[in-house]
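Spelled out from the first residue to the last, the chains are:
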Amino acid sequence: MWERRDRALRRLLFSGTVLLLALQLGGCAASLARKIRLEAVQEVRTYGTAGADLTLWMTNESRRTIRLEAACVDFYTDSVFLGRVRLRDTVVLAKRSSEEVKSRWKNESPDVAGWYVLEKRLREQDLGLLDVTVEFTVKAGAFRRTIYWERVPVSNFLNIFAPDGKDLVDDK
C-alpha cells in the first residue's frame, strides 16, 4: 500500500525536477536541453506531512551550471486546494558533470485533511483526479527564468516524461 504511494510521489517529484530543467533550458538555448539527462531516481524519503527529500542521479554535459532557485507545486482535486510542496534550498547541477543531486521539499497545507486526500490519490495512483499548478525559477549561466503552468492534470504532467508508457522510476 505505502509502496504505491511512494512510487507515485517519486514520479511526481522527478517529473517536476525534469520539467523545470527541460523548459528552462529550451528557453535559454535549445541545444542545452539535450545535454541534461536524468539517469535515475535514487531515493525518495518522506517525513509524514512535513516534507520529503528527493535524490536523483543527473548528467549535465553542457558548459553551464544549472541552478533551481525556487520551486512550488500546488495540488488540487476538482476545485479544492489540497496542499503545496515548496523547494527549501537551491539545487545545483554542475557543468560537465554526472552526479547525485539532492533536494528537500517542504509540505504546506491549510489542513491535514487535504494531505490525507492527496496521499490517498497518490497511493491509489488515481492521478486523473489531481491537478497541479507549477512554478519554477531556474538559472542557467546568465539566464534566469520563471516557468509557470496553471492547473495541469498530474497524469498529463507525468506523461511529458514517459510518453510511451515507460515507468521512469525504478522501485527499490
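Source: prediction; values computed, not measured. (Residues numbered from 1 in each chain as written. Predicted model: local features only at pLDDT ≥ 70, side-chain atom pairs only at ≥ 80, totals over all residues. Heavy atoms only, no water.)

Student: Would you take a moment to explain the overall build of the protein for this structure?
Tutor: What the protein contains, in helices and strands, is four helices and eight strands. What you see in the protein, going N to C, is helices and strands ordered as α-α-β-β-β-β-β-β-α-β-β-α. Considering the protein as a whole, with its 172 residues, one finds that 45% of them fall into the buried category. The long-range share in the protein, meaning contacts at least 24 apart out of those at least 6 apart in sequence, stands at 63%. Carbon and sulfur atoms form 46% of the exposed surface of the protein, whose accessible area is close to 9000 Å². (Helix = DSSP H or I, 4+ residues; strand = E, 2+ residues; numbered from the N terminus. Buried < 20%, exposed > 50% of the residue type's maximum accessible area, 1.4 Å probe, protein only. Contact = heavy atoms within 4.5 Å. Areas by Shrake-Rupley, 256 points an atom, 1.4 Å probe, with all protein chains shown as cover.)

Student: Can you walk me through the pairing of strand β4 (residues 80-87) in this structure?
Tutor: Walk down a regular strand and you will see the side chains alternate between the two sheet faces. In the sheet, strand β3 (residues 66-77) pairs with β4 via six bridges, with the strands oriented antiparallel. Note that in β4 the partner of Cys 72 across the bridge is Arg 86. Linking β3 back to β4 in an antiparallel pair, the connection comprises two residues, with Asp 78 at a positive phi of about 55°. Here β4 runs beside strand β6 (residues 97-108); their pairing, made up of four bridges, is antiparallel. In the sheet register, Val 85 faces β6, and the bridge partner there is Asn 107. (Pairing = 2+ DSSP bridges.)

Student: Can you help me understand unusual backbone geometry in this one?
Tutor: For residues besides glycine, phi is generally negative; the peptide bonds are generally trans as well. Even without glycine at this site, Asp 78 takes up a positive phi of about 55°. In this fold, Asp 78 is placed in the loop between β3 and β4. Notably, Arg 96 is not glycine yet its phi reads approximately 45°, a positive angle. Among the secondary structure elements, Arg 96 is positioned in the loop between β5 (91-93) and β6.

Student: Got a minute to help me understand a positive patch on the surface in this structure?
Tutor: On the surface, Lys 35, Arg 63, Lys 95 and Arg 96 cluster together to form a positively charged patch. Since its relative accessible area comes to 33%, Lys 35 is described here as partly exposed. (Patch = residues over 30% accessible without salt bridge, like charges linked within 9 Å, V, L, I, M, F, W, Y side chains within 5 Å. Salt bridge = Lys/Arg side-chain N within 4 Å of Asp/Glu carboxyl O. Lys, Arg positive; Asp, Glu negative; His and termini not counted. Charge placed at Lys NZ, Arg CZ, Asp CG, Glu CD.)

Student: What's the story with the pattern of salt bridges in this structure? I'm lost.
Tutor: Oppositely charged side chains can form a pair if their charged atoms are brought close together. Overall, the coordinates contain eight salt bridges when judged by the stated rule. Salt-bridge contacts for Glu 108 lead to Arg 84; the nearest nitrogen and oxygen are separated by 3.8 Å. On the criterion of sequence distance, the pair formed by Glu 108 in strand β6 and Arg 84 in strand β4 is long-range, its members being 24 residues apart. Accessibility expressed as a relative area gives 24% for Glu 108, which makes it partly exposed. Note that Arg 86 and Glu 108 form a salt bridge whose closest N and O atoms lie 3.1 Å from each other. Within this pair, whereas Arg 86 is found in strand β4, its partner Glu 108 is found in strand β6, the two being separated by 22 residues in sequence. Members of the salt-bridge network, linked through shared partners, are Asp 74, Arg 84, Arg 86 and Glu 108.

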